[in-house]
Structures are given as C-alpha cells and as structure tokens.
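Chain and residue survey
Read off the chains here:
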Amino acid sequence: MEPAEGKLGQLGERVREALAAERTPSPDIRAARAGFLQQVAVRNFQGGDRRWSLRGAARRWRMLLLLSAAASGAVGLWFWQQLPISFQVGAAATTGRMGDLIEATANEPTPLRFSEGSSLLLQHGSRMRVLSSEPKGARVLLENGAVDVAITHPPGSQAHWRFEAGPFRVLVTGTKFKMEFHSQDLSLKLATEEGQVLVSAPCLAVPKPVSAGERLDLSCLAKVAPVPQLASLSTGPSPLRKDQTADSGRGVPAQNGGSWRELLGAGHLAAGLRAAERANFRQVCQVANPRELLALADAARLFGRAARAVTALRVLRLRFPGSTDASTAAFSLGRLAYERQHDFGEAVHWFATYLREQPSGPLMGDSVGRLMEARLRSGDEIGARKDAAQYLRRFPEGPYASEARGILSN
Amino acid sequence: MLTPLTFVGDDAALMQALRAGHPGAAAAFYDQHAAHVHRTLRSALGPDEDIPDLLQEVFIRALNQIGKLRDFERVRSWLSTIAIFVARGHIRLRARRGWLSVFSPERTRPNHLDQPSSEARQALREVYAVLDEMPLDERMAFVLRFVDGMTLPDTAEACDTSLATVKRRLARAETRFLEAARRRPALEQWLKDGTRWNQQKES
C-alpha cells in the first residue's frame, strides 16, 4: 500500500473498528447460516438443480421506477392519496406499530384509535395485532378474545377493513360490530349493530353476510380440513391441482392459476410471494401446504415483510397442528420475534414451544442456543444459565458454545 | 433439516461436493467464508439490520453460480464480487425505501446509527452519510480499498472491472469524500489524524 494511501487506510481502519464495536458479527452469521442451510435443504428436497432468484424483482423495480418518473406528477398525487392510516394504542395514545402484539390486561379493555376516525376496543384479556394498514382501512388479526369495532366511512369512498381470527375472515365496509374469537375451539361470535359485514371461513361453503341486528355463532373446529400426511407432501406434486377452480371449495380465486405455487415450487421466492399477494395472501395461506407456507414465510422474511411471514407461520400452526412443519413454524416465529421485532419474550415463547414439541428435532440445538440468547435479552438470567448448561452438555463445540460459556462464567 | 452431514475433504473435494449439492459441503463452505463476506457487506453498507438476509443471499447466489467458479483459490474475491453486487442492489433498495418510508411506515429502514451515541458512532454515521451521497461505483471501490483494506487488484476484481478503472474511481471517490467531509464537523476529529485528506484540506 503506498504511503499516501496508507493514510486513507488509517481512517478506514477507524471505520472498521467503529463498525466492529457496533455489533459483533457472530449473531448475523449464525442467523444467516440457519436460513441458508434451510434453503439448501429445501432445494435438495425439491430434488433438482433449482435456482433461486431472490432479487429477481430488481429489473422490474427499475422498470417501474422509470415509468413512475415519466408520470411523476400523477404518481406523486397518487402516493399522497395512498397514505396508510396510523393508529394509537391505549389511554396514553402510544403510537402503534404494525404486527406488534396488543394485549388488553385482565382488568380493563384497551382502546385503539385510527387516524381516519375508526376505533377498536380490545376487551380485557384479549390479544390482537394490526397486521397492515392502507389508506382506507387496515388488516387486523384477533388472536384471541373479543373486540368492539366502530369503522368510519372515508368521505366519498368506501372503507376497506379486514378482520381475521383463526380461519375466519370478516370483511367490513363501514359499520359497528362486536366479534369474539376463541382459538381453542376455533369459534367465532359476531353481532352487527350497524351496516353489514361479510364472514368467510374454510368451513363455510359461501361467505355469509351479517347485517345490522343479526348475530353469528360459528365454530370451524369440526369442519377444518384434515391434516395432510407429510409423507405425501414431501414427495410428488402438491395435493392441489393447479386447474382446480374453487380449490376444493376453500375460496381461493382461480384467476392466478396457481402461479404462486409454481413459482414457489421453482424456488422463485420473490415472484412467488408477489403472486401470492396478488391472489390474496390470506386465502393463499388457507390452501397452501405446509412446505409452501414455510416457503412463503421465508420469502416474506427475506424481503422484509415480517407481518406476512408471521401470518403464514401462524396459519401453518393453526391448520396443521402437531405436524413437524408446525414445530418448524414455531422456531421461525421465534426467529422473527427475536431478529425483526426484538420481542425477546415472544421469542422465548416460540423457541420453548419448538423444544416442547420436538425435544429431539433437527433444530433442537439451534433452539436451545437461541432460547438462551432470548432469555438473556429478556432479563431472565437464571433461565439463560440453565439453557447454557443444557446447550454445553449436548453441544460442547456448537456455534453457541462460546456464548454459553460466557453466560456461565458470569 | 438443518443438521447436514459433516463434510470432510480438501478444497477441491469441497468444490466438487458443492457442485453435486452435498448439504454438508454447503455448511462447510459457509463456515469457511461467512466472516469474510459479512465483513465485506458491513464495510459496503455500514450497520444495517438486513445484513443477515444479504449474507444468506450472497451464499445462495454463490451456490447457484458455483459451476462458473474455475479457480477455487480465487473463491474469496469471487465471493466479494457477489457480495458487492448484492450490496449495490440493497443500497438502491434502501434508497427507494427511504423515499417510500413516508408512505409506508412498516418498511422504514431501522438505523442503529440514529441512536444517541458516542463520538465514534457519530463519526461513523457521518462517514456513511458521505458514502450514501457517492455514486455506487465509486463508493464500492472506496470501501473495499480503504475500509475493507483490499489490495488494488483485489478491489478491481471485486468491482468486476479493470485496474485502471478502479484507480480512476478511487481518485474521484477521494475527491468527493474530501469535499463532503469539509461540510461535516463530526468528521473533523477523524480527519485530524494526519490523513491525506487533511493535508489536501490545508493546502
């Protein structure tokens, strides 16, 4: 290196040191390792020299941006009209974040106020998430419990709100209603006070409208599709033919001809994800097989769509309880909670779930290591020490071994 | 699914096994080179929460293109080339996200450097703010040469260009960096250490 450039190198060295001080590389490397090897396993499982095009969207993006530039004025106006609504949670009006768990205490309900005027009242002990928002509405997941809903009509147009609870979908166009969902028995109770909602579910042959003054009391538990045999999923084509129009009556639009499935099957994760979104992601999740749900979740995670990934994984666990893939989904939910949402308590829950369901599963080592890290980050040092000891007994040379030793030595 | 068989063998055997799709070889390949690729990505991008995903993407691309790699001894610079390609794409995406974040809060780029920080963190933020203003070709040459500490030939190879071109890019990048650094007081402390930039500034 020439002397003058050596001086430049000095500054570079300081940058390098500052970068190293920001964050140690090992968590990144470990996180990517698991994902990479999962991709390799999926590719080998698919049995071919499949190629992935993770960033295949780049060319289309460039084209889109060029077109956007050509019509910048119109696009700018359009964007302003597309501002998604925001929301505030609780009496303190804390700014809400997409995908975060909102849990009402056992003593009092939690109000949510949306910027376009709609409001929700999450009843005590209930759990929900706002999965995404758009200019005229939002997508809300009621995980368990009851919520009172009052939707405001935007002036001159129609509201677009979707509520999801287990297998149920409630489409709202501007109304007041109460809904209650219990995940244990997949039951939904809904009472509409004003306007009308449309309820769909895999156990309903056709979507059911519920108008003002009407009530609906429904359970899908006895009617959900049987769990497919994993052996049949791991070999041969998907159980759903791509020419199926109504997808065995499970309500998936046929206009996309199963293209999301073909793209995912070919390993085109980005294109598969986009196609699934075009075909209504939630409905796609209701007909996808476990491997496809894992691939959708992985694609969503890779492309920064954490909420979508969570959706796919939760649907997988709901639709295929007790399966190995449901346990893998628990592990992936733990990763998302840890890496994306920094919700270490949630991560502990999911890694512990995986270990409970698959005590000798292939992700056991990774799960114990991650559980140890998540416990430590959530402040449970005693739990982290137990995990560290357990990890070192089983994997004295494993990728988390040095961290485990560090925890025990402190 | 994630505990592949352990691969045992030399570099040539590893390459052959990778081409044959041996999952244990993929793990061994990753373990050998992940730290190098991570360093390259981090130098190119600065602190970024998407680095684990990008790291994964580099190796997926590498596996897809492993048939094109003729000389296994060049594997590190070959991986650097892929990493730089992926990083360039990410910088473009990040710029778009930054613009679109106004409309979509869910996709706003989280930035560790926005947190209250030490002097070093402040200077680091300034360095990458300056780099963010540079043309991508010049930025990549600059970070590979001075942050990653690569030789000129390796920098040229990683940038997938000739030695002469990379020298021109570096010269332009230095000039731009100096110009921009003059407008950023937080960089002063780092530039006071007798660097070439400081000398130019005084002249």
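About the thresholds
- Residues numbered from 1 in each chain as written.
- Chains lettered and ligands numbered in written order.
- Predicted model: local features only at pLDDT ≥ 70, side-chain atom pairs only at ≥ 80, totals over all residues.
- Helix = DSSP H or I, 4+ residues; strand = E, 2+ residues; numbered from the N terminus.
- Buried ≥ 20, exposed ≤ 12 C-beta atoms within 10 Å, placed from the backbone.
- Contact = placed C-beta atoms within 7 Å.
- pLDDT = per-residue confidence, 0-100.
- Axes fitted to C-alpha atoms, helices over the stretch in contact; angles between N-to-C directions.
- Parallel < 35°, antiparallel > 145°, perpendicular 65-115°, else oblique.
- Nonpolar A, V, L, I, M, F, W, Y, C, P; charged D, E, K, R; others polar.
- Pairing = 2+ DSSP bridges.

**What to know about the overall build of chain B**
Along its length, chain B carries 10 helices and zero strands. For chain B, with 203 residues in total, the buried portion stands at 40%. By sequence separation, contacts in chain B at least 24 residues apart represent 53% of the contacts at least 6 residues apart.

**Re the confidence of the model for chain A**
Residue and element names in this part refer to chain A. Of all residues in chain A, 74% have pLDDT values of 70 or greater, and the mean over the chain is 75. Element-level pLDDT for chain A is lowest in helix α5 (residues 230–234), with a mean of 28, against a maximum mean of 92 in strand β5 (residues 119–122). Low pLDDT, under 50, characterises residues 223–257; the predicted model gives this stretch 44 contacts beyond four residues in sequence or across chains.

**Concerning the packing of helix α6 (residues 136–147) of chain B against helix α8 (residues 163–182) of chain B**
Residues and elements named next belong to chain B. At a minimum axis distance of 8 Å, the contact between α6 and α8 shows a crossing angle of 90 degrees. Taken together, the axes of α6 and α8 lie roughly perpendicular to each other. Of the residues in α8, those touching α6 at Asp137, Glu138, Arg139, Ala141, Phe142 and Arg145 are Val166, Arg169, Leu170, Arg172, Ala173, Arg176 and Phe177. Residue classes in the contact of α6 with α8 are distributed as six nonpolar, no polar and seven charged.

**Description of the pairing of β5 of chain A**
All names here are of chain A. The alternating pattern of β5 places Leu120 and Leu122 on a buried face, while none of Ser119 and Leu121, on the opposite face, is buried. Here strand β4 (residues 110–114) runs beside β5; their pairing, made up of four bridges, is antiparallel. When the sheet's bridge partners are listed, proline 111 is paired in β5 with leucine 121. Between β4 and β5, which follow one another and run antiparallel, lie four residues, and glycine 117 among them has a positive phi close to 115 degrees. For β5 and strand β7 (residues 137–150), the ladder comprises four bridges, and the chain directions are antiparallel. Bridge pairing in β7 places serine 119 opposite alanine 150.

**Looking at the environment of leucine 112 of chain A**
All names here are of chain A. By the element assignment, leucine 112 lies in strand β4. Placed 37 residues apart in sequence, leucine 112 and valine 149 show a C-alpha to C-alpha distance of 9.7 Å. Setting aside chain neighbours within four positions, we find leucine 112 in contact with Phe87, Val89, Gly96, Ser119, Leu120 and Leu122.

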